[in-house]
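Below are the chains, spelled out letter by letter.
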Amino acid sequence: MGVKAAPKTSKALKDDILEQKSPAEFFADNRNIAGFDNPGKCLYTTIRELVENALDAAESIHVLPDIDITIEEMSQHALNHMRGISNPDRIDEALYHDFESDAARVKRLQREAKELDRLEKLAAKKGETGDALDGKRRDLEARQAAAQGGRSDKVFYRVTIKDNGAGMAHAQIPDMLGRVLSGTKYGVAQTRGKFGLGAKMALIWSKMSTGLPITIRSARPRSATISYYKLDIDIQKNQPNVHEQKLLDNLDHWHGAELSLIIAGNWQYYRSKVLKYLQLIAVITPYTQFNFKYVAEEEKQSLNIVFARRTDVMASPPKIIKHHPASVDLELIKRLAAASKDATLLAFLSKSFACVSRELSGRILDEMQAGVSADMTPAELGDTQLVRLHQLLHEVKFPDPSGNHLSPAGEYNLRLGIMKEFGPDLVATHQGEARVHDGHAFLVEAGVSLGGSTVKPGINIHRFANRIPLLFEGGSDVITRTALKRINWALYKINQATDRVGVFVSIVSTKIPFKGAGKEYIADDVEEMQAAVKSALQACCLQLRSKLVKQAAAREQAQRKRALTKYVPNVAAAVYAIVQGIAARPGKRPRLAPPEKDVIDKVASGDVTQKTLATRLMEHIERFDTDMALEYQMQQGITEGQRVDAFLRPQTDRHRYTALLTTGVASIQLLCPSAAAASSAEVIDVT
């Protein structure tokens, strides 16, 4: 027989009690879920969250966004000085993990010298530009600097984001920033945020990495005062901890918000990601002015970049809509029924859900049976009846949502953004029709560009979800897989290996089917989304193919003209020599028709020279070239669309003709009622 275990003591039982975590504590322990994986990613995600909050704030009051982003580098020594902590010299160097012996230092220097030599040889072999080599050399030098002396010194950054948006009400600032999941960005609406955390996760990371509070300045439109707060968050209690608050005079009539916080980060490895993010957010929001400034401790490493506004046409704001029946789960139905103030189930179904009419609501209630009547209140539904309702809502065929509540960037803005940031030779854009997945409408808009000095050869894919760039885990994304595996680029006269192709795809929806804990890529297992992305890209490629075919025809025409022109002197000389030989033997001339005889006589008299023949040949080439171009344009006009006759009737009886300079694929006919022109009509064929 086994020995019976002794009963647990009261202390052991106390240790086994499960503790409840606050939302702030949960995200602090699992910050990788919100994109705060490591110091470098934390810096990138902090900037991204604050920039997107600033965009939302400006767009909410229909103001063209002006956003200032400032990153100030700060060493551990400078941070300690700010916090009043001394920086004593080390007594026992070997005690620290970054201690390096003389032998290890010699090996490291030899290894770094070999690495630099390898980089130079590789750059020479690949023919890389000086900038590419300098970038790799800077990375190596940064690693070398980190390995010398101050290797354990962490680098911190003061991140400051200022906007001209709606600002925040003074009393609401602590809860809006210092309480996780207290925001109002929930409901069925297209939003930029992934988790509803926004600046709150940045505040948590600031508390964890430096322990310093954040500083907030905010003013509402037409407010006479500016709210000033210095606060942090109590992670265990999920409550704001206000250190200082006051109201300042708003002498400049400024409105918006300015957040400043100090966090641990890694600019060296995430510099390219931050700049890429800002470039792509400038593409999808070309109506925004971004002023980016990086202040390094060494002035030569500082940056100052302006992503200028290109248009004042803003995207329409998204609208909040009711839940579609196909998108609700059982718990949501229970919450809606419990919170409903409708007197009957008939009113509850028709008012609480989208695409459900009163007539359809009555049919659904008849189908429920189980003692359910249209006159019951939602609160009277039992658990089994709610389950039955949930099943019916997923089995009944409802009309699809229209997609009018979505806020895409628009073809105009997308095209302008691509042209502004990448400067391609050709660009085509397309916005598809609204489609539906799991009761949520979505729109796909795409752009495909060719050329651009900063674009690498091959397919360069840029992904957007709800008008924010996605920069990580792109390999499994539906956009990446569609562009690389489902589009036959050669069919559209595009070489995907050598041409500089930019692929821009933006998906907007009330619910993006993200995959992965960090929500960094969109699922490739949704057939509706696969088809929509493919269709949008194909529409862009068709536009480009038409332009490329025209360009190829123009190149062939130019090459043909150059080839003919090249031989004009030789042909003119040969023809002139033959004709001159015939003219020199008058008695032996063959019988010729008058035109040919006149030419020979003019050659004999000197009226026609070799130069004259060359000039006439060039004139013939020009006429031939023009005729070929007109014939090609006629063919293109017939294939691209049917001609339309537009009749322009004058407002007065007497008028004068005016020459029309027009372009297009239409013929314009002017009908003149005056006596002088009644018998004639001028038709201008527009080609």
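Residue numbering note: each chain is counted from 1, following its sequence as written. Only residues with pLDDT of 70 or above have their local features reported here, since the model is predicted, and side-chain atom pairs are shown and tallied only from 80 upward, although totals for entire chains, interfaces and linings are computed over all residues. Excluded from the side-chain calculation are hydrogens and water; included are all heavy atoms of the structure.

Under an unreviewed UniProt entry, the name given to the protein chain is DNA topoisomerase 6 subunit B, and the source organism is Auxenochlorella protothecoides. Here is the UniProt Function (unreviewed entry) comment for the protein chain, exactly as written: "Component of the DNA topoisomerase VI involved in chromatin organization and progression of endoreduplication cycles. Relaxes both positive and negative superturns and exhibits a strong decatenase activity. The B subunit binds ATP." UniProt, in the comment section headed Catalytic activity (unreviewed entry), describes the protein chain in these words: "ATP-dependent breakage, passage and rejoining of double-stranded DNA." UniProt positions are given in the numbering used here, feature names are shortened, and annotations may be inferred rather than shown by experiment.

(A) Spotlight on the overall build of the protein chain. Tallying secondary structure elements over the protein chain gives 19 helices and 19 strands in all. Buried, partly exposed and exposed residues are distinguished by accessible area as a fraction of the type maximum, computed with a 1.4 Å probe on protein chains only: under 20%, between the cut-offs, and over 50%, respectively. Counting every position in the protein chain, which comprises 687 residues, the buried fraction comes to 40%. Any pair of residues with heavy atoms lying within 4.5 Å of one another is described as a contacting pair. In the protein chain, 72% of the contacts between residues at least 6 apart in sequence involve partners at least 24 apart. With residues, only the protein chains shown are counted as cover, and all accessible areas are computed by Shrake-Rupley using a 1.4 Å probe. As displayed, the protein chain offers around 38400 Å² of accessible surface, 52% of which is attributable to carbon and sulfur atoms. In DSSP terms, a helix is any run of H or I states spanning at least four residues, a strand is any run of E spanning at least two, and both are numbered starting from the N terminus.

(B) Focus on unusual backbone geometry. Even without being a glycine, D438 presents a positive backbone phi close to 55°. Its place among the elements puts D438 in the loop between β10 (435-437) and β11 (440-450). In this structure D438 comes out as exposed when scored by relative accessible area, which is 52%. The backbone phi angle of R467 is positive, close to 65°, even though this residue is not glycine. In this fold, R467 is placed in the loop between β12 (458-465) and β13 (468-470).

(C) Layout of a nonpolar patch on the surface. On the surface, Y567, V571, V575 and L617 cluster together into a nonpolar patch covering about 310 Å² of accessible area. The exposure class assigned to L617 is partly exposed, which follows from its relative accessible area of 30%. Patches in this entry comprise residues that are over 30% relatively accessible and not in a salt bridge; like charges within 9 Å are linked, as are nonpolar side chains (Val, Leu, Ile, Met, Phe, Trp, Tyr) within 5 Å. By definition, a salt bridge exists where a carboxyl oxygen of Asp or Glu is found within 4 Å of a side-chain nitrogen of Lys or Arg.

(D) Up close: the sheet that holds strand β7 (residues 289-295). At least two DSSP bridges between two strands are needed for those strands to be called paired. What the eight strands build is an open sheet, ordered β5-β4-β3-β6-β2-β1-β7-β8; its pairing is mixed. In this open sheet, the two strands that pair with only one neighbour each are β5 (239-249) and β8 (303-307). Sheet twist, expressed as the mean angle between neighbouring strand axes with direction ignored, is 15°. Here strand β1 (residues 66-75) runs beside strand β2 (residues 155-162); their pairing, made up of eight bridges, is antiparallel. Following the sheet pairing, I71 is matched in β2 by V159. Most of the contacts of helix α4 (residues 76-83) go to β1, to which it runs at about 95°, and overall it touches β1, β2 and β6 (256-264). Where helix α9 (residues 267-284) meets the sheet, its contacts fall on β1, β2, β7 and β8, and the angle it forms with β8 comes to roughly 20°. A fitted line through C-alpha atoms serves as each axis, taken over the contacting stretch for helices, and the angle formed by two N-to-C directions is quoted from 0 to 180°.

(E) How the structure looks around the nonpolar core. Counting 73 residues, the largest nonpolar core has I69, I216, W267, F290 and F292 as its most contacted members. Top element by residues in this core is α9. It accounts for 11 residues. Joining through side-chain atoms within 4.5 Å is the link that ties buried Ala, Val, Leu, Ile, Met, Phe, Trp, Tyr and Cys residues into a set, and such a set is a nonpolar core. Ranked by size, the runner-up nonpolar core spans 34 residues in total, among them F442, I459, I487 and V505.

(F) Structural detail: the packing of helix α11 (residues 345-352) against helix α12 (residues 358-368). It is at 9 Å that the axes of α11 and α12 come closest, and there the two elements cross at 125°. Our classification of the angle between α11 and α12 gives oblique. Like other packed secondary-structure pairs, α11 and α12 cross with a definite hand, here right-handed. Across from L345, L346, A347, L349 and S350 in α11, the residues of α12 making contact are R358, S361, G362, I364 and L365. Looking at the contact of α11 with α12 residue by residue, the classes come out as six nonpolar, three polar and one charged. Angle categories: roughly parallel below 35 degrees, roughly antiparallel above 145, roughly perpendicular from 65 to 115, and oblique for all the rest. Less than a right angle of anticlockwise turn of the near helix away from the far helix marks a crossing as left-handed, whereas a clockwise turn marks it as right-handed. Under this grouping Gly is polar, as are all residues other than the nonpolar Ala, Val, Leu, Ile, Met, Phe, Trp, Tyr, Cys and Pro and the charged Asp, Glu, Lys and Arg.

(G) Looking closely at the pattern of salt bridges. The final tally for this structure, using the stated rule, is 22 salt bridges. Linking R217 and E258 is a salt bridge whose minimum nitrogen-to-oxygen distance equals 3.0 Å. With R217 in strand β3 (residues 214-219) and E258 in strand β6, this residue pair connects regions lying 41 residues apart in the sequence. Given the relative accessible area of 23%, R217 is considered partly exposed. Members of the salt-bridge network, linked through shared partners, are D37, K41 and E520.

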